[in-house]
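Residue strings, one per chain:
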Amino acid sequence: MNTTTTPYVDGFIAAVPTANKSEFIEHARAAAEVFKEFGALRVVESWEDDVPEGEVTSFSMAVKRKDDESVVFSWIEWPSKAIRDVAMPKVMEDPRLQMDVNPMPFDGKRLIYGGFESIMTM
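Because the structure is a prediction, the values reported are computed rather than measured. Every chain begins its residue count from 1, and numbering advances along the sequence as written. Restriction of local features to residues with pLDDT of at least 70 applies here, the model being predicted, together with a cutoff of 80 or more for giving and counting side-chain atom pairs; totals for whole chains, interfaces and linings are based on all residues. Values shown for side chains rest on all heavy atoms present in the structure; no hydrogens or waters enter the calculation.

A.B. asks: Go over the environment of R110, please, and point to the residues and values.
C.D. replies: In this text, helices come from DSSP runs of H or I with a minimum length of four residues, and strands from runs of E with a minimum of two, each type numbered from the N-terminal end. Along the polypeptide, R110 turns up in the loop between helix 3 (81–93) and strand 4 (112–117). By the convention used here, residues are in contact when the closest approach between their heavy atoms is within 4.5 Å. For R110, the residues in contact, after removing those within four places along its chain, are I13, A14, A15, V63, K64, R65, K66 and E69. At 2.8 Å, the side chain of R110 and the backbone oxygen of K64 are in polar contact. Polar contact is the term for a pair of N or O atoms within 3.5 Å; when the atoms are in protein, one must be able to donate a hydrogen and the other to accept it, and sequence-neighboring residues count only if both atoms are side-chain atoms.

Okay, structure coming up:
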């Protein structure tokens, strides 16, 4: 598959203290603006609503969710991996996203993320 023209997705799940929902939304909104400035097509943030506990695996288990936390499921859509690869270092260096300006209102050590090549969109 040609990765210069195939849509690319960065996916994330995290456990966010439920009390920090408003802070998380503001943090995510600021980050989304930066991602879009550097070429992202869409940034989606989703707050836990119907997330069942699993016996072997689950979103909650994956992020080691505590009783006072909620699972967040997010993704960033890019036109291509090439555009994402150029943008990501710029995003990470952007002064608007530095920890002293826009600290993460959750434990970043339990953030799970990865990049995915799109194989189907309907």
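A.B. asks: Describe the pattern of salt bridges, with residues and values.
C.D. replies: Take a side-chain nitrogen of Lys or Arg and a carboxyl oxygen of Asp or Glu: if they are within 4 Å of each other, that pair is a salt bridge. Summed over all chains, the structure comprises eleven salt bridges. Among the ionic pairs, D10 bridges to R84, the shortest N-O distance being 2.9 Å. Taken together, the positions of D10 in strand 1 (residues 8–17) and R84 in helix 3 put the pair 74 residues apart, joining distant regions of the chain. With respect to class, D10 is no different from R84; both count as buried. Of the charged contacts in the structure, one is a salt bridge between R65 and E48, with a shortest N-O distance of 3.9 Å. Relative accessible area decides the class of each residue, using a 1.4 Å probe on protein chains only: under 20% of the type maximum gives buried, over 50% gives exposed, and in between gives partly exposed.

A.B. asks: Go over the sheet that holds strand 4, please, and point to the residues and values.
C.D. replies: In a beta sheet, neighbouring strands pair by backbone hydrogen bonds and run either parallel or antiparallel. At least two DSSP bridges between two strands are required for those strands to pair. Spatially, the four strands line up as an open sheet ordered 2-3-1-4, and their pairing is antiparallel. In this open sheet, the two strands that pair with only one neighbour each are strand 2 (42–47) and strand 4. Going across the sheet, the axis of each strand differs from the next one's by a mean of 15 degrees, ignoring polarity. Alignment of strand 2 against strand 3 (residues 69–78), held across six bridges, turns out to be antiparallel. From the neighbouring strand, R42 faces strand 3, where its bridge partner is E77. Between N-to-C directions, angles cover 0 to 180 degrees, with each direction set by a line fitted to C-alpha atoms, over the stretch in contact for helices. Against the sheet, helix 1 (residues 21–37) engages strand 1, strand 2 and strand 3, with an angle of about 165 degrees to strand 2.

Remember, this is a structural readout, not a statement about activity or role.
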